[in-house]
Amino acid sequence: MNTDIENLFKDKVLGHPAGLFVLFFTEMWERFSFYGMRVLLVNFLTMAAIGYNPGWEWTVENAGALFGTYAMLLYITPIIGGWLADKYTGYRAAVIIGSLIMTAGHASMALETEFSLYFGLALLVIGTGFFKPTMTSIISDMYKTHPEKKDGAYTIYYMGVNAGAFFGMMLCGYLAEKVGWAYGFGLAGIFMLLGTIQFWLAGPLFGKIGAKPSKVHEVELPQNINEESVEITTEENEERPNPFTTLDKILIAISSIIGLGYAINDPMSKIAGIDMFSFLQIGEFEGQYTAVLFALGLFLILVISRILRYTAVVRDRMIAFIIFAFFTVFFWMSFEQGASSLVIFARDNVDRLLSGSSATIFNIVNTLLTVVPLIIISYVLYILWKKTFKKIPGSNIVLVVCFVLMWGIVGWMLNRDFNTTAYDVSYSAIEQPELDEKGVHVKNDKGVLQYKYIPVTQNTGTEPSQKIVTKVITVGEPYADYKVGDRKIIINKNKELTEFSFVSSNEKLEELKAHASSIGRDNGFVDATITKVRDNEVEITVSWFSILNSFFIIVFASFFSKWWESKYNPSAATKYALGLSTMGLGFGLLAFGAFGLVDGVKVSMVWLILAYLFHTLGELCLSPVGLSYVSKLVPGRMIALMFGMWYLAIAIGNKLAAVVGGQIENITKEYSLSTFFLIFTIVPVAAGLLIFILNPVLKKLMHGVR
């Protein structure tokens, strides 16, 4: 093994072995695929079934239930996958197995049928179980004889994570929203497959590293975070054995079965009406939540009973760890709104249409955001090619194919946005009073009566009693050469019927007709007349806002890293307090921006950009604390269980995020959009204040561990 490691370090790229950059690109393409799909799923499921880019028109609640279960299971299967890699397959084989399964999952989702969607998500969960825990294990093996370079290696590696997330959300999102969902899902699968092939062809570079099962498995650190040094305390060596009793094993089995049962039952009960826990329902309280509370109680009995068997110091430290895990749930519950409610907010409530100088500024900024990092990463590929082409030519050629494809899509995207022309069009609509649940005509905050306007489609039969008015709306279309007075067909782009697109080709016309016929709906075609030609307009995609998290991490990560290494490094509890409070502040800005919002009115995108900024700053404060403190606070014999608990806390946070985020439509209808965001303002800030108050207690419980 040492010979293989030394051979790796002979061919260096930017001071590190070339093999690190093979892993860099493998992780980059996997994250490209993962985040590219992730940013589309809820948007696709909730998009109008009749429109230019038809979705499935699910409620956000149902979409959140499915996505939440998917996100939750992504943190459970790596525990099993890591064990299989350790015991049987080896790390490199596990990466390839996981990648191939995920490729099949993306391909399945691109088919856009109900079965293929569920099957694809299942494959992605299983594939991630193999892939996620093994990549960092390979890095750990590579740097066994060079521990001083390990932190730098993880920094580079997590730049690949963020680069993949950045480009995946941008390009898959753009293709899906501008061309069609299948193109976005399909692109994610293409890069997943190419990433798998380049890793497989790079095998000779690694020798026996990661090829055989290892007795020690190092669990992956959180994404975007550099590995922190781990202090092993002397107490764990002195700690008496604490084997799992028969009761312990029974409690683990029961709580695990119920937990997984809930994860599957939640979307199944909402989407298909099949509820496995209906017999436990108490009044209006759903049976599945009764089961979850019971399982949680059993799990707490398990944890408490095991902790009480340890000596005082170790017991205190484990209590501190559990407190951190508890507050972790609240952080991820808020942070992961980025995959559900914030996607819906960006689509339906944010003004994404820019014109004139604003459009020009956005296009320039977007070009710099995209091209500059792509140039840097392409340069890394150039150096890797020079160092390793003779050893792994196939892997390098596949990487070049990936980059040629990505440069082509980026060029097409930027050219399309720079050449977008917009048109004002007029069409006929039925004016209807907007009524509340009691049938009373709604007024806005200024006392003005509100109306909604239903476009008159080609198949709509109007009645004399209906009031028909002429509406004017702006429609963007790249490369179109329309003139004032031209008659065109338009179709809605959202459920609110406030955004439209031209049906500009006969192929698209027939495709949309066939789709509408297959589901027994009006095709939604509206006759419109062009009244004005506008130049220099661009509509920002919904998915564009999601890239901001990765961008801000790249910008600010080094600042936080230096802060944590300085003499001003705050305590763990203070970092948690800062992370939670900063997160809450981001949602507070959204609550303020959405205050008094009425139907048809949209907020400035500045509020959403600022929210993502504060959410990322919160993540950078809190995420580094996580897994590092598992190793610092927990005795060796319980590390495996506690790592599982930590990922369980994140999994619960992800599930809660989707469940609560899925209520955005219900809460907005009952109260207001501002009220919805206030929930995610108050809860994290309150949690942050509470853990800050607990700082002295936590320091005492940690017994000197920093």
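An account of the accompanying structure is given in this report. (Residues numbered from 1 in each chain as written. Predicted model: local features only at pLDDT ≥ 70, side-chain atom pairs only at ≥ 80, totals over all residues. Heavy atoms only, no water.)

Observations concerning the nonpolar core
Across soluble globular proteins, nonpolar side chains have a tendency to be buried as a group.
Then, number 1: Core analysis: the biggest nonpolar cluster contains 184 residues, and F25, M28, W29, M406, F545 and F677 have the highest contact counts within it.
Then, number 2: Among the elements that line this core, the one with the most residues is helix α2 (residues 18-46), at 19 residues.
Then, number 3: Other than its neighbours up to four places away in sequence, M406 contacts M28, W29, F32, F167, L171, F191 and L374.
Then, number 4: The next biggest cluster of nonpolar side chains, apart from the first, holds 14 residues, and it includes Y423, V425, Y427 and V475. (Core = buried A, V, L, I, M, F, W, Y, C linked by side-chain atoms within 4.5 Å. Buried < 20%, exposed > 50% of the residue type's maximum accessible area, 1.4 Å probe, protein only. Helix = DSSP H or I, 4+ residues; strand = E, 2+ residues; numbered from the N terminus. Contact = heavy atoms within 4.5 Å.)

Section: unusual backbone geometry
Then, number 1: Positive phi outside glycine occurs at N536, with the angle close to 60°.
Then, number 2: With respect to the element layout, N536 can be found in the loop between β9 (526-534) and β10 (537-539).
Then, number 3: The partly exposed category is assigned to N536, whose relative accessible area is 29%.
Then, number 4: Located in the positive-phi region is H703, a residue other than glycine, with phi close to 50°.
Then, number 5: Of note, H703 is situated in the segment after α26 (695-702).

A word on the environment of M170
Then, number 1: Note on placement: M170 falls in helix α8 (residues 150-178).
Then, number 2: Since its relative accessible area comes to 3%, M170 is described here as buried.
Then, number 3: Taking the C-alpha atoms as reference points, M170 and L205, 35 residues apart in sequence, are found 32 Å from one another.
Then, number 4: Those residues in contact with M170 that sit more than four places away from it in its chain are N366, T370, M413, W544 and I547.

With respect to a nonpolar patch on the surface
Then, number 1: Taken together, the side chains of I282, F285, L293, L296, L300, I304 and L308 make up a nonpolar region of the molecular surface, amounting to roughly 690 Å² of accessible area.
Then, number 2: Tracing the chain through its elements places I282 in the loop between α12 (246-271) and α13 (287-307).
Then, number 3: Given a relative accessible area of 56%, I282 falls into the exposed group. (Patch = residues over 30% accessible without salt bridge, like charges linked within 9 Å, V, L, I, M, F, W, Y side chains within 5 Å. Areas by Shrake-Rupley, 256 points an atom, 1.4 Å probe, with all protein chains shown as cover. Salt bridge = Lys/Arg side-chain N within 4 Å of Asp/Glu carboxyl O.)

Concerning the pattern of salt bridges
Then, number 1: A complete count under the given rule lists 17 salt bridges for this structure.
Then, number 2: Between E336 and R38 there is a salt bridge; the shortest N-O distance is 2.3 Å. Taken together, the residues E336 in the loop between α14 (312-335) and α15 (341-349) and R38 in helix α2 connect sequence positions 298 residues apart.
Then, number 3: On the accessibility criterion, R38 (12% relative accessible area) is buried.
Then, number 4: Between R534 and D424 there is a salt bridge; the shortest N-O distance is 2.8 Å. Highlighted residues: R534 in strand β9 and D424 in strand β4 (residues 420-433), separated in sequence by 110 residues.
Then, number 5: Since its relative accessible area comes to 9%, D424 is described here as buried.
Then, number 6: Through salt bridges with shared partners, a single network forms among E27, E30 and R31.

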